[in-house]
Amino acid sequence: MTVQAIAQTAHNPIIFADVPDMAMIRVGNTYYMSSTTMHMSPGLPIMKSKDLVNWQLVSYAYDTLATVDALTLTNGKSTYGRGSWASSFRYHKGTYYVTTFAQTTGKTYIYTTKDIEKGLWKVATFKPSYHDHTLFFDDDGRNYLIYGAGKLKIVELNAEVTGVKEGTTEQVLIENASTPSGTGGGLPAEGSQLFKVNGKYYLFNISWPRGGMRTVLIHRADKITGPWEGRVALQDLGVAQGGLIDTPNGKWYAYLFRDFGGVGRIPYLVPVKWEDGWPVLGENGKVPETLDLPANKSLIPGIVASDDFTRKKGEAALPLVWQWNHNPDNALWSVSDRKGFLRLKTGRLDTSFVLARNTLTQRTIGPESAGSTALDISNMKEGDFAGMGLLQKNYGLVGVRVEKGSKSIVMVSANTGRPIEIEQIPLAQTTVYFKAECNFRNRADIAHFYYSLDGKAWAKIGEPLKMPYTIPHFMGYRFGLFNYATQTTGGFADFDYFRIEDTISQKK
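Residues numbered from 1 in each chain as written. Predicted model: local features only at pLDDT ≥ 70, side-chain atom pairs only at ≥ 80, totals over all residues. Heavy atoms only, no water.

Enquirer: Tell me about empty space enclosed by the protein, residues and numbers included.
Expert: Taken as a whole and assessed by the stated rule, the structure comprises 4 cavities of 30 Å³ or more. For the largest cavity, the full set of lining residues is Ala23, Met24, Ile25, Ser88, Phe89, Arg90, Thr134, Gln193, Phe195 and Tyr255. Elements represented by at least two residues in the lining of the largest cavity include exactly strand 2 (23–27), strand 7 (88–92) and strand 15 (186–197). (1 Å grid on protein atoms, 1.4 Å probe; cavity = no way out; pocket = protein on both sides within 12 Å on 5 of 7 lines; lining within 4 Å. Points joined across faces, edges and corners; volume = space filled by probe spheres on them. Helix = DSSP H or I, 4+ residues; strand = E, 2+ residues; numbered from the N terminus.)

Enquirer: Account for the packing of aromatic side chains, with residues named and values stated.
Expert: Evaluated as defined, the whole model comprises 24 aromatic pairs. By way of ring pairs, the aromatic residues Phe353, Phe385, Tyr395, Phe482 and Tyr484 are connected into one cluster. Directly above the aromatic system of phenylalanine 195 lies the positively charged group of arginine 90, at a separation of 5.8 Å from the ring centroid. Sitting above the plane of the tyrosine 497 ring, arginine 499 keeps its charged end 3.7 Å from the centroid. (Phe/Tyr/Trp six-rings, centres within 6.5 Å; stacked < 30°, edge-to-face > 60°. Lys NZ or Arg CZ within 6 Å of the ring centre and 35° of its normal.)

Enquirer: A description of the pairing of strand 16 (residues 200–209) should follow, citing residues and the corresponding values.
Expert: Where burial is concerned, most of strand 16 is hidden: 8 out of the 10 residues are buried. Taken together, the 8 bridges between strand 15 and strand 16 define a ladder with antiparallel strand orientation. Paired with glutamate 190 across the two strands is isoleucine 206, which belongs to strand 16. Linking strand 15 back to strand 16 in an antiparallel pair, the connection comprises 2 residues, with asparagine 198 at a positive phi of about 50°. Linking two consecutive strands that pair antiparallel, namely strand 16 and strand 17 (residues 215–221), is a turn of 5 residues; a positive phi of about 80° is found at glycine 211 within it. (Buried < 20%, exposed > 50% of the residue type's maximum accessible area, 1.4 Å probe, protein only. Pairing = 2+ DSSP bridges.)

Enquirer: Hey, could you go over the pattern of salt bridges for me, with residue numbers and the actual values?
Expert: Within the structure shown, the criterion is met by 24 salt bridges. Between aspartate 350 and arginine 348 there is a salt bridge, with its nearest N and O atoms 3.1 Å apart. Take arginine 348: its relative accessible area is 25%, and that puts it in the partly exposed class. Each member of the salt-bridge network shares a partner with another, and the members are Arg338, Arg343, Asp376 and Asp494. (Salt bridge = Lys/Arg side-chain N within 4 Å of Asp/Glu carboxyl O.)

Enquirer: Hey, could you go over the nonpolar core for me, with residue numbers and the actual values?
Expert: Core analysis: the biggest nonpolar cluster contains 92 residues, and Leu52, Trp55, Val216, Leu281, Leu342, Leu390 and Ile409 have the highest contact counts within it. With residues up to four places along the chain from it excluded, the contact list for leucine 342 reads Phe309, Trp333, Ser334, Val335, Leu360, Leu481, Ala493, Asp494 and Phe495. Counting residues in hydrophobic clusters, the runner-up holds 20 residues, among them Met40, Phe385, Leu391 and Met475. (Core = buried A, V, L, I, M, F, W, Y, C linked by side-chain atoms within 4.5 Å. Contact = heavy atoms within 4.5 Å.)

Enquirer: Lay out the side chain of arginine 265 in plain terms, naming residues and giving numbers.
Expert: In this fold, arginine 265 is placed in strand 21 (residues 265–275). Take arginine 265: its relative accessible area is 4%, and that puts it in the buried class. A distance of 3.2 Å separates the side chain of arginine 265 from the side chain of tyrosine 469, its partner in a polar contact. Not counting residues within four places of it along the chain, the set of residues in contact with arginine 265 comprises Ala17, Asp18, Val19, Pro20, Asp21, Met38, Phe257, Arg258, Asp259, Tyr469 and Phe474. (Polar contact = N/O pair within 3.5 Å; in protein donor to acceptor, adjacent residues only side chain to side chain.)

Rendered as structure tokens:
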């Protein structure tokens, strides 16, 4: 392959960042994708692409999922690893539907809009929380949810798609959908996504046989009620969970994700051929490194972006790349109190980075990325702690703490699973600069923290942070800007900018 040909070729992963549980549709020549962001607010991100490779955020289905202690980080509660999970995405008779479910609330959510990029989303909620469901509009005008793990069930929805149809009950669709990959423990078949192609039904699931890897399963039927015939569709690199998408010129792909350590679960595309009425995934059963699609561009600014916090009239207070860790307290942040700055104010006392409210986050990206910020600390109060962190259960951060009237730069590492102060340096000025560099290349999963007194010369601080992907948080590491009080409220910290780059200085 020539250099020029490679330059015009897409490569896997399609997005080297945490975009798990994708659901995808094509409307004309435009693709839309939803994903999982669980405890983040706003949530249920919607992305858009013209080529299946290069994506940009265009919307969120909700601003906040609900107002309960776990979502507002109140009374010591949190919803890390929960919140809203895998979504289903459909376009039906001029309306976009994106649905999800949440253990946190015990409910199923159906969001609808006519204008996916600029419109408001309406929501219908009902109990129970249908696990990993797929919404499906059949040709005969009936609507269904298929859901569950291992034992997959089906329930019919009402004509308005706002709840279960009265007088109907759930039915078992497939007694044990894990059977094709073996049923000896592990993760049972879940992540249902249903498609109808040439009159046949194709149900995609993911399983994880004990001692094996994430596996794509497909069941096929002539009627939605079955009987269903299943087979293993892909078992390579642990790339799994997703479904089918076709291009306007008749090519087919499967969109799937792969666990990739600290950066999170990253999207892959796998070519699909049809043989004997079955979708056959991959090239000789393997996930290809390159694809006959346009080349990947940077994830900056479509998925992550720098921000100088300057807003023109009519612009949103926060661009779509930002999400709060849990529901924010909107009275305690501003990009207008001081022009060109993000102000994070304190309004309650907190004990830790992971339980503090109003931490503003963006994804880290691979194979490497760096985030940096400048912080004005002149209005912090006794006991306040503000700076930049890498958010996951085993987090790391660098910030300024006010203690006994004096300020110091502190690096905290939760490498051991518990936060430990690694280094402290006295600070005698009101502006300070912080940077975190992340190396996800070949799953190195190492970050280094830096500070600067002039924004030019950087000094390393603390210890390298190992970045494991932990199930309690169930999310890739994120850059986070934070400020919380431990003794007295009413202080604030002003962030001048956040800059993200896809290169780092520290390669080890």
